[in-house]
Amino acid sequence: RVILRTLEVFRVHQAKEKASVELAASERRLSELTAYLQTAIESERASISREIHDDIGGSLAAAKLDLAWVSRHEAQPAVQAHVQAAADMIQHALGASQRIMMNLRPSILDQGLFAAVQWLASSFERRTGIRTSLRSNNENLCPEKLVQLTAYRTAQEALTNISKYAQCNMVNIEISDAENFLTMEISDNGVGISAAELQKSDAFGIRGLHERAKAVGGWLDVSSRAGVGTSVILSVPLSADTKIFTEAQFK
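Residues numbered from 1 in each chain as written. Predicted model: local features only at pLDDT ≥ 70, side-chain atom pairs only at ≥ 80, totals over all residues. Heavy atoms only, no water.

Participant: For this particular structure, what's the right way to read the overall build of the protein chain?
Facilitator: In terms of regular secondary structure, the protein chain is built from six helices and five strands. Sequence-ordered secondary structure for the protein chain, helices as α and strands as β, is α-α-α-β-α-β-β-α-α-β-β. A globule of 251 residues ought to have a C-alpha radius of gyration of about 18 Å, yet the protein chain, at 25 Å, is considerably larger. On the principal axes, the C-alpha backbone points of the protein chain span a range of 105 × 45 × 35 Å. Here the protein chain holds 251 residues, and 32% of them are scored as buried. Considering only intrachain contacts with a sequence separation of at least 6, the fraction spanning at least 24 residues in the protein chain is 69%. Surface exposure of the protein chain reaches about 15800 Å², of which carbon and sulfur atoms provide 55%. Each charge class in the protein chain can be summarised by its mean position, and for the 27 positive and 29 negative side chains these summaries are 6 Å apart. (Helix = DSSP H or I, 4+ residues; strand = E, 2+ residues; numbered from the N terminus. Rg over C-alpha atoms; globule rule 2.2 N^0.38 Å. Buried < 20%, exposed > 50% of the residue type's maximum accessible area, 1.4 Å probe, protein only. Contact = heavy atoms within 4.5 Å. Areas by Shrake-Rupley, 256 points an atom, 1.4 Å probe, with all protein chains shown as cover. Lys, Arg positive; Asp, Glu negative; His and termini not counted. Charge placed at Lys NZ, Arg CZ, Asp CG, Glu CD.)

Okay, here's the thing in structure tokens:
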């Protein structure tokens, strides 16, 4: 009986070890698939942005030129009023298409991470009226493109959540490259987020940020206190070897 019991315990131990190995492999594959999907999404966003620029933007610009021609060659006040109204609508559509393109593919990242987050913070403050400050120990910080995009999307998602839920009047953003780490913190003085809300099954925004951070070798921390506010911190080692997942890996 002792021998049989020993063999049973050994088999259970082996089964647990096998299950742990399989679970770790499954989590790794899931993480890789998530990273690939995010890369594919960014690629699709860039493609849509180019189509908006080339097709919609070009057509609106051409229509604006045609209206200008009509305005120069037609002096009737009624016609002029309609031309001006149409020109105003086209200008509004051009502005909307530019905002959509910027959200889809932040070309401002070509000017560096600080400039991109500064534009994001200014747009957020202008749109919401929430006072937003940005500080950095290195305004010329320029990590590799995938890390920059991860930081930008993290700030974008955090500001979106703040505008929806935080009920705050102040936001602080800090960016640092101290000790060879990119660290970005977005904090507010709002109502905070409960632990239960962070663990909700539909909290895909925060989960997506965690996966983005993991894809570039970093991590994300969200801390919150009721009535005090919320802080989202992204940390990425700047010397880490980041990996872009391609479709070929999943064939």
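So, next bit.
Participant: Quick question: what am I supposed to make of the nonpolar core here?
Facilitator: Generally speaking, a soluble globular protein has its nonpolar side chains buried in company with each other. Judged by nonpolar contacts, the single largest core of 36 residues is most densely connected at I162, V171, I173, M184 and I186. Listing elements by their share of this core, those giving two or more residues are α3 (113-128), α4 (145-166), β2 (170-176), β3 (181-188), α6 (204-215), β4 (219-225) and β5 (229-237). Ranked by residues supplied to this core, first place goes to α4 with nine residues. The contacts of I186, once residues within four sequence positions are left out, are T154, A155, A158, L159, I162, V171, N172, I173, T230, S231 and V232. Membership of the second largest hydrophobic core comes to six residues, among which are L67, V83, A87 and L94. (Core = buried A, V, L, I, M, F, W, Y, C linked by side-chain atoms within 4.5 Å.)

Participant: What is the right way to read α3 from this model?
Facilitator: Residues three or four positions apart in an α-helix share a direction because the helix packs 3.6 residues into each turn. Between its terminal C-alpha atoms α3 stretches 22 Å, which fits the 22 Å expected from 16 residues at 1.5 Å a residue. Tucked into the core, α3 has its buried residues touching β1 (131-136), α4, β2 and β3. Where α3 ends, the next residue or the one after it, G129, has phi of about 80°, a positive value. (Expected span 1.5 Å × (residues − 1).)

Participant: Would you explain the sheet that holds β5 in this entry?
Facilitator: By way of backbone hydrogen bonds, the strands of a sheet pair with one another, either parallel or antiparallel. Within the open sheet, the five strands sit side by side as β1-β2-β3-β5-β4. Their pairing is mixed. A single partner strand is all that each edge strand has here, and the edge strands are β1 and β4. Adjacent strand axes in the sheet meet at a mean angle of 10°, parallel and antiparallel pairs treated alike. In this sheet, β3 lies alongside β2 in antiparallel orientation, the contact comprising six bridges. Residue S176 lies in a different strand from β3, and its bridge partner there is T183. (Pairing = 2+ DSSP bridges. Axes fitted to C-alpha atoms, helices over the stretch in contact; angles between N-to-C directions.)

Participant: Teacher, can you tell me more about a negative patch on the surface here?
Facilitator: Side chains of E44, E51, D54 and D55 sit close together on the surface and give a patch of like negative charge. Relative to the helices and strands, D54 resides in helix α1 (residues 2-73). (Patch = residues over 30% accessible without salt bridge, like charges linked within 9 Å, V, L, I, M, F, W, Y side chains within 5 Å. Salt bridge = Lys/Arg side-chain N within 4 Å of Asp/Glu carboxyl O.)

Participant: What is the right way to read unusual backbone geometry from this model?
Facilitator: Within the chain, Q167 stands out as a residue other than glycine whose phi angle is a positive 55°. Within the secondary structure layout, Q167 lies in the loop between α4 and β2. If you check the backbone angles, E179 has positive phi at about 55° while not being a glycine. With respect to the helices and strands, E179 occurs in the loop between β2 and β3. Exposure remark for E179: the relative accessible area of 74% places this residue in the exposed category.

Participant: Quick question: what am I supposed to make of the pairing of β3 here?
Facilitator: Consecutive side chains of a regular strand alternate in pointing toward one face of the sheet and then the other. Between β2 and β3, which follow one another and run antiparallel, lie four residues, and E179 among them has a positive phi close to 55°. Across seven bridges, the pairing between β3 and β5 is antiparallel. The residue bridging T183 from the neighbouring strand is S235, located in β5.

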